[in-house]
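Commentary on secondary and tertiary structure
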Amino acid sequence: MKIIKQFPQLILIAILVSSCRTSINKEYPIKNLEKNTNENPSSEKKRMEINFSCGENGIKEYLDDGWNILKEDSQEKICTWKSVPATKDCNMEKDKGCKITMPDKIGEEKIYLLEK
């Protein structure tokens, strides 16, 4: 009778011991991969994405620093917003609900993908 009561405990202990052994075996290859990546840090290339919008352009600084342009993209962007009354009779200072916000100036946003 004692053996039947101890059987579930023995199974639980066996599962715990076997799972610990499995996790120890899985840790070894991970450490090896980390060592391999640290041996050749100079072979990696750095990449960066920068955005300039509404007339800003500072790409020359990056090009002078040794970065190369991989990809250049541009799209329209709203630079400033303005508030206008919704109707002719609207007083924007007294009645905040009749104020509409609209784009004021539309510019261009340039997106650069750089590599060094």
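For the structure itself, consult the block above.
Reference entry: report on the structure contained in this document. (Residues numbered from 1 in each chain as written. Predicted model: local features only at pLDDT ≥ 70, side-chain atom pairs only at ≥ 80, totals over all residues. Heavy atoms only, no water.)

**Description of the environment of Cys54**
You can see Cys54 is positioned in the loop between strand 1 (47-53) and helix 2 (59-64). Under the relative-accessibility criterion, Cys54 is labelled partly exposed at 34%. Sequence-wise, Cys54 and Ile106 are 52 residues apart; in three dimensions their C-alpha atoms are separated by 7.7 Å. (Helix = DSSP H or I, 4+ residues; strand = E, 2+ residues; numbered from the N terminus. Buried < 20%, exposed > 50% of the residue type's maximum accessible area, 1.4 Å probe, protein only.)

**Focus on the pattern of salt bridges**
Summed over the entire model, instances satisfying the criterion amount to 3 salt bridges. The salt bridge partner of Asp65 is Lys116, with a shortest N-O separation of 3.6 Å. Taken together, the positions of Asp65 in the loop between helix 2 and strand 2 (68-85) and Lys116 in the segment after strand 3 (99-115) put the pair 51 residues apart, joining distant regions of the chain. A relative accessible area of 43% means that Lys116 is categorised as partly exposed. (Salt bridge = Lys/Arg side-chain N within 4 Å of Asp/Glu carboxyl O.)

**Quick word on a nonpolar patch on the surface**
Where nonpolar side chains cluster on the molecular surface, the patch consists of Phe7, Ile11 and Ile15 and spans about 290 Å² of accessible area. One can find Phe7 in helix 1 (residues 2-39). (Patch = residues over 30% accessible without salt bridge, like charges linked within 9 Å, V, L, I, M, F, W, Y side chains within 5 Å. Areas by Shrake-Rupley, 256 points an atom, 1.4 Å probe, with all protein chains shown as cover.)

**Quick look at the packing of aromatic side chains**
The tally for this structure, following the rule as stated, stands at 1 aromatic pair. Judged by centre distance (6.1 Å) and plane angle (65 degrees), the ring pair of Phe52 and Tyr112 falls under edge-to-face. Linking Phe52 in strand 1 with Tyr112 in strand 3, this pair joins segments that are 60 residues apart in sequence. Both residues of the pair, Phe52 and Tyr112, belong to the buried class. (Phe/Tyr/Trp six-rings, centres within 6.5 Å; stacked < 30°, edge-to-face > 60°.)

**Let's talk about the state of the cysteines**
Enumeration according to the criterion identifies 2 disulfides in this entry. Each sulfur in the disulfide pair Cys90 and Cys98 lies 1.5 Å from the other. Between Cys90 and Cys98, the S-S dihedral sits near 65 degrees, and the bridge is therefore right-handed. Residue Cys90 is classed as buried on the basis of its relative accessible area of 15%. You can call Cys98 buried: its relative accessible area is 10%. Assigning the bonded cysteines of the chain consecutive numbers by sequence position, one obtains the connectivity 1-2, 3-4. (Disulfide = S-S within 2.5 Å.)

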